[in-house]
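Letter by letter, the chains look like this.
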Amino acid sequence: LSSDVPHETCIITLTSPNGIKYNVMAVEEPQMQLRSSNGDIAKTYSYSLDSKNMQRVTPSTRGGQSNDEWDDSISVHGYITITYASTTLSNGLKGYKLTKVNGKWEKSDNAVTMSNRRVSYTCQDVNHQNQITAKFPSSNTFSYSTGYTTYVSDIATGVLGANSHIDLNHAGSGTWSLDVT
């Protein structure tokens, strides 16, 4: 989200075929934060799967090298961008509306295959709970205009954002799950 939206986070988790989890550092791209002519704000977060940007959070239950070790080839990286509008609501509170979600998964290693792509996004609060959408991109690039019409208040437990998921098979090491929330 943006500095004028409280509680902004981007959490990325890579999970091995055996359930070992890595936290992946998300980098907010300040040069990618744009304010369009209509006032909408776009925020972009990027990530790379490499040892510099990953921290193992689940210990291995087996000794030695296993399918629980990512090979550090930086073979996968990507980004997700959310675009939102803000306004002052009739009650004087700040309101937000998610207008667009786009992103990309990239691979630089032909040994990596990508499947089971999913993108979901929402813009809701306790009074408006019907703005939630799930999409299943057929390629590694996605761009969706939300079509949402209702602004939500951050005071009324408002949430706006996007999640993405993709399965990665890396050189026969089984299926890894990459989740961005």
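The structure presented is a predicted model; accordingly, all values stated were derived computationally and were not measured.

(A) Broad picture of the overall build of the protein chain. Helix and strand content of the protein chain: zero helices and 14 strands. Helices and strands appear in the protein chain in the N-to-C order β-β-β-β-β-β-β-β-β-β-β-β-β-β. Taken across its 181 residues, the protein chain has 43% of its residues classed as buried. Of the contacts made within the protein chain by residues no fewer than 6 positions apart, 65% connect residues no fewer than 24 positions apart.

(B) Summary view of the pairing of strand β8 (residues 94–107). Sheet analysis places strand β7 (residues 76–88) next to β8, joined by 13 bridges and oriented antiparallel. Directly across from threonine 87, in β8, lies its bridge partner glycine 95. Remark: five residues form the turn of the hairpin made by β7 and β8, two consecutive strands paired antiparallel; glycine 92 in that turn has positive phi of roughly 90 degrees. Note: β8 against strand β12 (residues 152–153), two bridges, orientation antiparallel. Bridged to tyrosine 96 within β12 is valine 152. Of the pairings in the sheet, the one linking β8 to strand β11 (residues 141–145) comprises five bridges and is antiparallel in character. Across the sheet, lysine 104 pairs through a bridge with threonine 141, a residue of β11.

(C) Local environment of the environment of serine 120. Here serine 120 shows up in strand β9 (residues 112–124). Relative accessible area serves as the criterion here: at 22%, serine 120 is assigned to the partly exposed category. Placed 45 residues apart in sequence, serine 120 and histidine 165 show a C-alpha to C-alpha distance of 8.9 Å. Among all residues touching serine 120, those that are not within four sequence positions of it are Thr133, Ala134, Gly161, Ala162 and Asn163.

(D) Structural detail: the packing of aromatic side chains. Under the criterion given, the structure shown has six aromatic pairs. Note on tryptophan 105 and phenylalanine 142: the rings are 5.2 Å apart at their centroids and 50 degrees apart in plane angle, and the pair reads as tilted. One end of the pair, tryptophan 105, is in strand β8; the other, phenylalanine 142, is in strand β11, and 37 residues separate them in sequence. Ring plane angle 20 degrees and centroid distance 6.2 Å describe the contact between phenylalanine 142 and tyrosine 144, whose orientation is recorded as stacked. Each member of the pair, phenylalanine 142 as well as tyrosine 144, is classed as buried. Taken together, the ring pairs in this structure connect Trp105, Tyr121, Phe142, Tyr144 and Tyr148 into an aromatic cluster.

(E) Region of interest: the nonpolar core. Among the nonpolar cores identified, the biggest contains 35 residues, and Leu14, Leu168 and Leu178 are the most heavily contacted of them. Among the elements that line this core, the one with the most residues is β9, at five residues. The residues touching leucine 178, leaving out its near neighbours within four places in the chain, are Ile12, Thr13, Leu14, Tyr47, Leu49, Val76, Trp105, Ser164, His165, Ile166 and Leu168.

(F) Spotlight on the sheet that holds strand β2 (residues 21–24). Across the sheet, which stays open at both edges, the seven strands sit in the order β6-β2-β1-β14-β13-β9-β10 with antiparallel pairing between neighbours. Each having just a single partner strand, β6 (54–56) and β10 (132–135) make up the two edges of the open sheet. Sheet twist, expressed as the average angle between the axes of neighbouring strands with direction ignored, equals 20 degrees. Sheet topology places β2 next to β6; three bridges connect them, and they run antiparallel. Bridge assignment links valine 24 to a residue of β6, and that residue is methionine 54.

Rules and cut-offs
- Residues numbered from 1 in each chain as written.
- Predicted model: local features only at pLDDT ≥ 70, side-chain atom pairs only at ≥ 80, totals over all residues.
- Heavy atoms only, no water.
- Helix = DSSP H or I, 4+ residues; strand = E, 2+ residues; numbered from the N terminus.
- Buried < 20%, exposed > 50% of the residue type's maximum accessible area, 1.4 Å probe, protein only.
- Contact = heavy atoms within 4.5 Å.
- Pairing = 2+ DSSP bridges.
- Phe/Tyr/Trp six-rings, centres within 6.5 Å; stacked < 30°, edge-to-face > 60°.
- Core = buried A, V, L, I, M, F, W, Y, C linked by side-chain atoms within 4.5 Å.
- Axes fitted to C-alpha atoms, helices over the stretch in contact; angles between N-to-C directions.

The values reported here are purely geometric and, on their own, carry no functional implication.
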